[in-house]
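Structural description and commentary
The lines below spell out each chain.
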Amino acid sequence: MGELLLTNARVLDGLGGEIQNATIRLDDGRVAEISPGADVVPGPGFEVMDLSGKTLMPALVDAHVHLSSYETLPPLLRGEEPRADAVHYFELANIARNLIRMGILTVRDVGSMDDHALHLRQAIRLGLSAGPRILTCARIVSATSPGCRIFTTMYRPADGVDEIRKAVREQLAMGADFVKIMATGARSVVLEDPEPAQLTREEVRTVVEEAHRLGKRVAAHAEGSGGTRIAVEEGVDTIEHGLSLHRTPELLDLMAEQDQTLVPTLSTFHDVSEDHAEKYPCTLVEQAKRQREEAYRTLTAAREAGVRIAMGFDSYPLGENARELARMVEGGLTPMQGIVAATSAAAAALGLEDVGEVRVGATADLLVVDGDPLEDPSVLQNLTRIHLVLQAGSPVNAA
Ligand SMILES: [Zn+2]
């Protein structure tokens, strides 16, 4: 990969900073130089791209996706040819392409059936499919619970500290990048009450000890206060959903102090309460309406407490992940705070230091938007406004 010079760029650096009319030199997949103004003189062999009127920012990082949980094909009609299971892998490859052409170049998969995220990650690494960098938990470590009957191969049921320790080790043996636990029940399961803790304090402590000792992070699905308290106090790195946190300001203060991250996943509450309500029993729809309100209250309370907030879509269609960014802005973040949540803060939550920022030395995972995402964050959901995506300095093919 040769050197590329991006000129006349307005840069949002992902950390809350802005540079006008910058020249950015990329070399060997990394950002080699950033200079305000047009001081960099292109040498021979440089490719020059003029980005006048465009906004350059870090590629998006999504901290909470489920790569294989949603249908992307129209429902099978009577008499149509049955679809082979293997066709699903092509669907996954298509999802991976949809993500990168929208400038979402890093995703953390927090649960997929049949180890699909692991398989897709391997296919992308082998160059068999274009796609984002994928971090996966392999299977979710859960207490034996009603959700295990619904989410089957997405979960690894485990009870008691010894079994929990083994379950964590199994996920790492499979190649998990981090460990995901169900600290509480799920709002999407009728037989589960999302309020009480589902794992005991000793079990959560064991997960955190085991993962951290081996240099891996822990993400906790946490809805009600009981399980959320245990997850925060025992040092879980990212609190997923965390909607009840507005009720316990002391836990938000503790999260800020301990450098923990909240992934509010507002979109998933919209899914169950309105956008896809027809797919859920009405008890869950009513519950989701209450939870949606709580999730927004927690978003502003977390911001006030200085808790790091990371974007996690937890919804679909994948590729339109920035819908979550727009919702966080509607919920009270400034557009710049929303962009930070979807770039550097999400990267920090995942423990990644080379993406999420436009910085000398960082991987050149960059997104160039036609328009101003600070004025209208929804441009990030619109393919026609995505001018250019560079993955490690190379343009992503939009086809
Ligand atoms: Zn989720």
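Each chain carries its own residue numbering, running from 1 in the direction its sequence is written. The model is predicted, so local features are restricted to residues of pLDDT at least 70 and side-chain atom pairs to those at 80 or more, both for listing and for counting; the totals for chains, interfaces and linings are taken over all residues. As a convention, hydrogens and water are excluded, and side-chain values are obtained from all of the structure's heavy atoms.

**Concerning the overall build of the protein**
Labels follow the DSSP assignment, with helices taken as runs of H or I lasting at least four residues and strands as runs of E lasting at least two, numbered in each case from the N terminus. Scanning the protein for helices and strands turns up 12 helices and 18 strands. Atoms counted for the radius of gyration: C-alpha only. Globule rule: 2.2 Å times the number of residues to the power 0.38. Here the protein has a C-alpha radius of gyration of 21 Å; the compact-globule value for 399 residues is 21 Å, and the two agree. Seen along its three principal axes, the alpha-carbon backbone of the protein occupies a region of about 65 × 55 × 40 Å. Burial analysis of the protein (399 residues in total) assigns 56% to the buried set. Contact definition: two residues touch when any of their heavy atoms are within 4.5 Å. For the protein, long-range pairs separated by at least 24 residues make up 68% of all intrachain contacts whose partners lie at least 6 apart in sequence. Under the counting rule used here, the positive set is Lys and Arg, the negative set is Asp and Glu, and His together with the chain ends is not counted. Where a charge lies is defined by one atom per residue type: Lys uses NZ, Arg uses CZ, Asp uses CG and Glu uses CD. The average position of the 38 basic charges and that of the 59 acidic charges among the side chains of the protein differ by 3 Å. Note on exposure labels: buried denotes an accessible area under 20% of the residue type's maximum, exposed denotes more than 50%, and partly exposed covers the range between, all computed with a 1.4 Å probe on protein chains only.

**Quick word on unusual backbone geometry**
Note: most peptide bonds trans; most residues except glycine with negative phi. Looking along the chain, the bond that leaves Y316 and enters P317 is cis, with omega of 0 degrees. Among the secondary structure elements, P317 is positioned in the loop between β15 (308–309) and α10 (322–330). One non-glycine residue with positive phi stands out, namely D28, at about 55 degrees. Structurally, the position occupied by D28 is in the loop between β2 (18–27) and β3 (30–36). By relative accessible area, D28 is classed as exposed at 60%.

**Here we look at the sheet that holds strand β7 (residues 104–109)**
If DSSP finds at least two bridges between two strands, the strands pair. Read across the sheet, 3 strands follow the order β6-β7-β8 without closing on themselves; strand pairing throughout is parallel. Here the strands that pair on one side only, and so sit at the sheet edges, are β6 (60–65) and β8 (133–136). This sheet shows a mean twist of 15 degrees between the axes of neighbouring strands, independent of strand direction. Of the pairings in the sheet, the one linking β7 to β8 comprises 4 bridges and is parallel in character. Paired with V107 across the bridge in β8 is I134. Axis definition: a line fit to C-alpha positions, over the contact stretch in the case of helices; interaxial angles, taken between N-to-C directions, run 0 to 180 degrees. Across the sheet, helix α2 (residues 116–125) lies against β7 and β8, angled at about 150 degrees from β8, the strand it touches most.

**Thoughts on the domain arrangement of the protein**
Each domain span listed reflects an automatic or database assignment of domains. The assigned domain composition of the protein is domain 1 (4–58 + 357–395) and domain 2 (60–350). Computed over C-alpha atoms, the centres of domain 1 and domain 2 are 30 Å apart. With 23 residues of domain 1 at the interface, the matching set in domain 2 holds 20 residues. Approximately 1,800 Å² of surface area, both sides summed, lies buried where domain 1 meets domain 2, with 70% of it carried by carbon and sulfur atoms. The term salt bridge refers to a pairing of a side-chain nitrogen on Lys or Arg with a carboxyl oxygen on Asp or Glu at a separation within 4 Å. Where domain 1 packs against domain 2, one counts 0 salt bridges. Polar contact criterion, stated in full: a pair of N or O atoms within 3.5 Å, where within protein one must be able to donate a hydrogen and the other to accept it, and residues adjacent in sequence count only if both atoms are side-chain atoms. Connecting domain 1 to domain 2 are 3 residue pairs in polar contact (both at pLDDT 80 or more). The set of elements that each furnish at least two residues to the side of domain 1 that touches domain 2 consists of β5 (54–58), β16 (366–370) and β17 (386–391). Per element, the largest residue contribution to the side of domain 1 that touches domain 2 is 4 residues, and it comes from β17. When grouped by side-chain class, the residues that make up the side of domain 1 that touches domain 2 number 14 nonpolar, 6 polar and 3 charged. In short, buried area is how much 1.4 Å probe accessible area vanishes from two parts on joining, totalled over both. Each residue receives one of three labels: charged for Asp, Glu, Lys and Arg, nonpolar for Ala, Val, Leu, Ile, Met, Phe, Trp, Tyr, Cys and Pro, and polar for the others, Gly being one of them.

**Overview of the side chain of D271**
Inspection of the secondary structure assignment puts D271 in helix α8 (residues 266–275). Although buried, D271 forms no salt bridge, and the nearest oppositely charged side chain, R327, lies 5.3 Å from it. Here the side chain of D271 touches S315 through a polar contact of 2.7 Å, side chain to side chain. Setting aside residues no more than four positions away along its own chain, D271 makes contact with H276, A277, Y280, D314, S315 and Y316.

**Looking at the packing of aromatic side chains**
Pairing of aromatic side chains here covers Phe, Tyr and the six-membered ring of Trp, requires ring centres within 6.5 Å, and sorts the geometry by plane angle: under 30 degrees stacked, over 60 edge-to-face, intermediate tilted. Inspection of the entire model under this criterion finds 2 aromatic pairs. The ring of F178 carries the charged tip of R108 above its face, separated from the ring centre by 5.0 Å. By definition, being over a ring means that NZ of Lys or CZ of Arg is both within 6 Å of the ring centre and within 35 degrees of the ring normal.

**Re the packing of α8 against α10**
What describes two packed helices is the angle between their axes and the distance between those same axes. In the contact formed by α8 and α10, the axes pass within 9 Å of each other and the chain directions differ by 90 degrees. Between α8 and α10, the crossing angle belongs to the class labelled roughly perpendicular. Residues L266, S267, H270 and D275 of α8 touch α10, and the partners they reach there are R323, E324, R327 and M328. Residue composition of the contact of α8 with α10, grouped by class: 2 nonpolar, 2 polar and 4 charged. For classification, angles of less than 35 degrees are called roughly parallel, those exceeding 145 degrees roughly antiparallel, those between 65 and 115 degrees roughly perpendicular, and all remaining angles oblique.

**Considering the nonpolar core**
By size, the foremost hydrophobic cluster in this structure holds 78 residues, and its most contacted members are L67, I181, V236 and I239. Built from parts of two domains, this core gets at least three residues from each of domain 1 (4–58 + 357–395) and domain 2 (60–350). Not counting residues within four places of it along the chain, the set of residues in contact with I239 comprises A220, A222, T228, A231, V232, L245, M255, T261, L262 and V263. With 22 residues, the next largest nonpolar core counts V110, C137, Y155 and V355 among its residues. We define a nonpolar core as any set of buried Ala, Val, Leu, Ile, Met, Phe, Trp, Tyr and Cys residues linked to one another through side-chain atoms lying within 4.5 Å.

**Here we look at α8**
Extensive coverage of α8 is indicated by the burial of 8 of its 10 residues. Of all the residues in α8, the buried ones are L266, S267, T268, F269, H270, D271, V272 and S273. Residues of α8 that are buried in the fold lie against β13 (238–241), α9 (282–305) and α10.

**Concerning the pairing of strand β11 (residues 178–182)**
Extensive coverage of β11 is indicated by the burial of 5 of its 5 residues. Along β11, one buried face is formed by F178, K180 and M182 and the opposite face, lined by V179 and I181, is buried too. Here 5 bridges tie β11 to strand β12 (residues 217–222), and the two strands are oriented parallel to one another. Looking across to β12, one finds that I181 is bridged to A220.

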